[in-house]
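# Observations on the model geometry
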Amino acid sequence: MAAELTLVIPTFNESANLRELIRRVDVALSGVAWEMIVVDDDSPDGTWTLAKQVSREDSRVRCLRRVNRRGLAGACIEGMLASAAPIVAVMDADLQHDESILPKMLEKIRGGAELVVGSRHVEGGSADNGFSARRAAISRIATALAKRALRAEFSDLMSGFFMIRREIVEECAPRLSSAGFKILADLVASAPRRLKVEEVGYMFRERLAGESKFDIKVGLDFIGLMLNKVSGGRIPVRFIFFALVGATGVGVHMATLYAALALGLDFDFAQSAAVVVAMTTNFFINNAITYRDAKIRGFGPMLLGLMYFYGVCAIGAVANVGIADLLFNRYGFITFAALAGVVMGSVWNFALSSLFVWRKD
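Just so it is clear, the structure is predicted and the values come from calculations on it, not from any experiment.

Bringing the pairing of strand β5 (residues 115-119) into the picture now. In terms of burial, β5 is a largely internal element, five of the five residues being buried. Side chains L115, V117 and S119 of β5 all project onto a buried face; the interleaved residues V116 and G118 project onto the opposite face, where all are buried too. Taken together, the three bridges between β5 and strand β6 (residues 162-165) define a ladder with antiparallel strand orientation. Each residue of the ladder has a partner; that of L115, found in β6, is I164. Across five bridges, β5 lies against strand β7 (residues 197-201) in parallel orientation. Paired with L115 across the bridge in β7 is V197.

Before going further, it helps to examine a nonpolar patch on the surface. A grouping of V250, M254, Y258, L261 and F267 is seen on the molecular surface, where their side chains present a nonpolar patch of about 480 Å² in accessible area. Here the element with the most residues in the nonpolar patch is helix α9 (residues 237-262); it accounts for four residues.

Turning our eyes to something else, we now look at the sheet that holds strand β2 (residues 34-40). Spatially, β3-β2-β1-β4-β6-β5-β7 is the arrangement adopted by the seven strands of the open sheet, whose pairing is mixed. One side of each edge strand has no neighbouring strand; the edge strands of this open sheet are β3 (61-65) and β7. Across the sheet, the mean angle separating the axes of adjacent strands is 20 degrees when strand polarity is ignored. Helix α1 (residues 15-28) contacts β1 (5-11), β2 and β3 of the sheet and is inclined by roughly 160 degrees relative to β2.

Turning our attention to helix α12 (residues 334-357). The end-to-end C-alpha separation of α12 is 32 Å, in line with the 34 Å expected for 24 residues at 1.5 Å each. Residues of α12 that are buried include every one of A337, A340, G341, G345, N349, F350, L352, S353 and V357, and no others. Looking at the buried side of α12, the elements it contacts are α9, α10 (267-290) and α11 (299-331).

When two helices pack together, their arrangement is given by the angle between the helix axes and the distance between those axes. For the pair α9 and α10, the least separation of the axes is 7 Å and the interaxial angle reads 150 degrees. Put simply, α9 runs roughly antiparallel to α10. When the axes of α9 and α10 are compared, the crossing they make is right-handed. Its residues placed into classes, the contact of α9 with α10 shows 16 nonpolar, ten polar and one charged.

Attention shifts here to the nonpolar core. Among the nonpolar cores identified, the biggest contains 34 residues, and L7, M36 and M163 are the most heavily contacted of them. Elements supplying a minimum of two residues to this core: β1, α1, β2, α2 (47-57), β3, β4 (87-90) and α4 (102-110). Among all residues touching M36, those that are not within four sequence positions of it are L7, I9, L21, I22, V25, R60, V61 and R62.

Counting buried positions along helix α3 (residues 72-81) gives seven out of ten residues, so the element sits mostly inside the fold. Listing the buried residues of α3 in full gives A73, G74, A75, C76, I77, G79 and M80. Buried positions along α3 lie against β1, β2, β4, β6, α6 (166-172) and α7 (183-190).

Attention now goes to the packing of aromatic side chains. In this structure the tally under the stated criterion is ten aromatic pairs. Taking 6.5 Å as the distance between ring centres and 80 degrees as the angle between the ring planes, the aromatic pair formed by F242 and Y291 counts as edge-to-face. Of this pair, F242 sits in helix α9 while Y291 is found in the loop between α10 and α11, placing the two residues 49 residues apart along the sequence. Judged by relative accessible area, which is 2%, Y291 ranks as buried. In this structure, R65 packs its charged tip against the face of W48, placed 3.6 Å from the ring centre. Directly above the aromatic system of F204 lies the positively charged group of R120, at a separation of 5.6 Å from the ring centroid.

With respect to burial, β2 is a largely interior element, seven of its seven residues being buried. Side-chain alternation along β2 places W34, M36, V38 and D40 on one buried face and E35, I37 and V39 on a second face that is also buried. In this sheet, β3 lies alongside β2 in parallel orientation, the contact comprising five bridges. The partner of I37 across the bridge, within β3, is R62. As for the winding sense of the linkage, the β-α-β connection from β2 through α2 to β3 is right-handed.

Definitions and limits used
Residues numbered from 1 in each chain as written. Predicted model: local features only at pLDDT ≥ 70, side-chain atom pairs only at ≥ 80, totals over all residues. Heavy atoms only, no water. Buried < 20%, exposed > 50% of the residue type's maximum accessible area, 1.4 Å probe, protein only. Helix = DSSP H or I, 4+ residues; strand = E, 2+ residues; numbered from the N terminus. Pairing = 2+ DSSP bridges. Patch = residues over 30% accessible without salt bridge, like charges linked within 9 Å, V, L, I, M, F, W, Y side chains within 5 Å. Areas by Shrake-Rupley, 256 points an atom, 1.4 Å probe, with all protein chains shown as cover. Salt bridge = Lys/Arg side-chain N within 4 Å of Asp/Glu carboxyl O. Axes fitted to C-alpha atoms, helices over the stretch in contact; angles between N-to-C directions. Contact = heavy atoms within 4.5 Å. Expected span 1.5 Å × (residues − 1). Parallel < 35°, antiparallel > 145°, perpendicular 65-115°, else oblique. Left-handed = near helix turned anticlockwise from the far one by under 90°. Nonpolar A, V, L, I, M, F, W, Y, C, P; charged D, E, K, R; others polar. Core = buried A, V, L, I, M, F, W, Y, C linked by side-chain atoms within 4.5 Å. Phe/Tyr/Trp six-rings, centres within 6.5 Å; stacked < 30°, edge-to-face > 60°. Lys NZ or Arg CZ within 6 Å of the ring centre and 35° of its normal. Right-handed = clockwise from strand over helix to strand, strands pointing away.

Remember, this is a structural readout, not a statement about activity or role.
Here's what the structure looks like:
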């Protein structure tokens, strides 16, 4: 019998929870033709190995192992697009999502809903048990920003637990971002029309095993995604972070410059030191946040990457000065010429950094 519902389970180091998740789903979806696609980002703990072993025991379970690719959103997209079932659901493998509401969600889809969200913020829902105070605060802020930006009418845009008609995913796929963690908001923002959305409340559970992947970087990813959508998708999420890191580099540059001058160093030496410190700081922040899915690890590769980054920034500086000088000589507007130079230098640095510093082999 062909599956009516595909459960997409993005995983990274969830081997301790996978068998229990499958057991619980099997109980919850008794009488439903379902399948499960485990999309694993090459977990060091062997989650993908376990998933493939389970698939030999239960043909309803499949494993999609991703190598040299990271990110929850991208995993969800690939899993949903790998399904042939008319309905797909996304849920975590950490057992914090309540699988017992899956039949209610499915009934709402069968009844005409296009998207059903497992919500912590409607009747019957709560996140008190599973959220730390910090995580709850990040979630509240991100949800408020997203609802305002997307004019969404449902309560839990930060939910990672939802069910949707696959045809909508197929339609949205070319506009979805594989970066970041919050695919639900991206789906809503990328839909060509307002979707018919319903919610089902559930109690967000405590994690039984493994570690949470939710941190401040997830909140930053979400803000980047919202800025991307506000720009109509014209500005890539990664470039937004690259530019923000560059802006912090200005602060580092000025702080270093004044500190060096206070120590009695001459301006030329102080300025040179400030440039090197700012570029070095930008490299490490970009490595940790902007390009964390292609993160450089190890002393040797990090040193080589830093040297490449210095070279890229030097070329970017030439592009910055060149375009600024050209525009100033032609139009005479200092501010316009300077800003154009900054933009050109930033775009150049971003493009070359993506190609040569944090390239994905």
